[in-house]
Structure formats: structure tokens, C-alpha cells
Amino acid sequence: QMQLVESGGGLVQAGGSLRLSCAASGSIFNRYVMAWHRQAPGKQRELVATIFSDHSPRYVDSVKGRFTISRDNAKNTVYLQMNSLKPEDTAVYYCGARELYNSRCLYWGQGTQVTVSS
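Here goes a summary of the coordinates provided. Please read these numbers as outputs of a predicted model, since none were measured by experiment.

Let's shift gears to the packing of aromatic side chains. Counting across every chain of the model gives one aromatic pair. Seen from the ring of tyrosine 79, arginine 19 lies directly overhead, with NZ or CZ sitting 4.0 Å from the centre.

Structural data, given as C-alpha cells:
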């Protein structure tokens, strides 16, 4: 079992920045692929960024060049640095953990709200 706790969400103006953190406990952190997803009101949850155990990242096109995912395996924490935020980035952001050969996250955090005002 793994427990995930997100933090760092809030209200920011368009063009601003936020850094989300996700602290993991209860399992071997560096064996999992970590990911950030988001869900806007009335929309399905979507994958935003993924980071593998070797720290290689993947991003959805809409955030490339603006968001950076990173992980600190010594601190069992994954981060999402979000720059040049847009109102359409407004959503609840969730941290998830999955195994390498499984596309579905096994564990989820409770989510943190990000609101970008225009």
C-alpha cells in the first residue's frame, strides 16, 4: 500500500506559477512511475505529466514548455512546477502511482485545487 498526499495548490493569476508536491509513504517509492493528473469541472480526469524511476518525463502537449515534473527518490516526493498558468489549467490536481507495465494508477492522492484567474 502507498499513501499519497498532495499540497501546494491555490489561487493564482494567469501567467503566475505554482509548485505542487506529492509526498508518498508506505511502499518503495522508486519502483513506481509517478504521474500528475487533473480534473476540471464537468470533464474527465486527464493525464498531465509522468515521470519514470530514471527521472525521464513525459508531458501532455497542452503543458509542454510550461510544466516540469520532477521526483526526489530520497524524499519520496514528486513535484509539478507549473509556470505561465492559464485559466484553462484550473482543475483539481491528483498525484498517482503506477507500476511500469500497468497503465492504470494503483494509488491516488486526495487532490489539490488549482484555480487560475484571468
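Next, the rest of the story.
Moving on, we come to the state of the cysteines. Here is the idea: a disulfide is a covalent bond, and it sits between the sulfur atoms of two cysteines. Counted by the stated rule, this structure contains one disulfide. Residue pairing for cysteine 22: its cysteine sulfur links by disulfide to cysteine 95, the two sulfurs lying 2.1 Å apart. A torsion of -80 degrees about the S-S bond marks the disulfide between cysteine 22 and cysteine 95 as left-handed. Taken together, the residues span a long stretch of sequence, with cysteine 22 in strand β3 (residues 18-25) and cysteine 95 in strand β9 (residues 91-98) at a distance of 73 residues. Among the cysteines around cysteine 105, which has no disulfide bond, cysteine 95 carries the closest sulfur, lying 8.1 Å off.

Attention now moves to unusual backbone geometry. A positive phi angle, near 55 degrees, is found at asparagine 76, a position not held by glycine. With respect to the secondary-structure elements, asparagine 76 resides in the loop between β7 (67-72) and β8 (77-82). In this structure asparagine 76 comes out as partly exposed when scored by relative accessible area, which is 25%. Although it is not a glycine, serine 84 adopts a positive phi angle of roughly 50 degrees. Residue classification places serine 84 among the partly exposed residues on the basis of a relative accessible area of 41%.

On to the nonpolar core. Residues Leu4, Met34, Trp36, Val78, Leu80, Met82 and Tyr93 are the most contacted members of the largest nonpolar core, which totals 29 residues. If you list the elements that add at least two residues to this core, you get β3, β4 (33-39), β5 (46-51), β7, β8, β9 and β11 (112-117). Non-local contacts of valine 78, meaning those with residues more than four positions away in its chain, are made with Leu20, Ser21, Cys22, Phe29, Met34, Trp36, Ile51, Ile69, Ser70, Arg71 and Cys95.

Moving on, we get to the sheet that holds β3. If you trace the four strands from one edge of the open sheet to the other, you get β1-β3-β8-β7, paired in antiparallel fashion. The open sheet has two edge strands, β1 (3-7) and β7, and neither has a second partner. Here the strands of the sheet are splayed against their neighbours by 15 degrees on average, with no regard to which way each runs. Direction of pairing for β7 relative to β8: antiparallel, over a ladder of six bridges. In the strand pairing of β8, aspartate 72 is matched with threonine 77.

Reading the values: rules and limits
- Throughout this description, residue numbers start from 1 for each chain and increase along the sequence as written.
- Reporting of local features is limited, given that this is a predicted model, to residues whose pLDDT is at least 70; pairs of side-chain atoms are given and counted only at 80 or more, and all residues count toward the totals for whole chains, interfaces and linings.
- Hydrogens and water molecules were not included; the side-chain quantities draw on all heavy atoms of the structure.
- Think of it this way: a Phe, Tyr or Trp ring, Trp meaning its six-membered ring, pairs with another when their centres are within 6.5 Å, and the plane angle makes it stacked under 30 degrees, edge-to-face over 60, tilted otherwise.
- Sitting over a ring, as applied to charges here, requires NZ of Lys or CZ of Arg to be within 6 Å of the ring centre and within 35 degrees of the ring normal.
- Whenever a pair of cysteine sulfur atoms sits within 2.5 Å, that pair is classed as a disulfide.
- Helix and strand labels come from DSSP, where a helix needs a run of H or I of at least four residues and a strand needs a run of E of at least two; each type is numbered from the N terminus.
- Under the scheme applied here, a residue whose accessible area is under 20% of the maximum for its type counts as buried, over 50% as exposed, and between as partly exposed, the area being computed with a 1.4 Å probe on protein chains only.
- Side-chain atoms within 4.5 Å are what join buried Ala, Val, Leu, Ile, Met, Phe, Trp, Tyr and Cys residues into a set we call a nonpolar core.
- The contact rule is simple, with two residues in contact once any of their heavy atoms fall within 4.5 Å.
- By the convention used here, strands pair only if DSSP detects at least 2 bridges between them.
- Lines fitted to C-alpha atoms define the axes, with helix axes restricted to the stretch in contact, and inter-axis angles between N-to-C directions lie between 0 and 180 degrees.

Any link to function would need more than the numbers given here.
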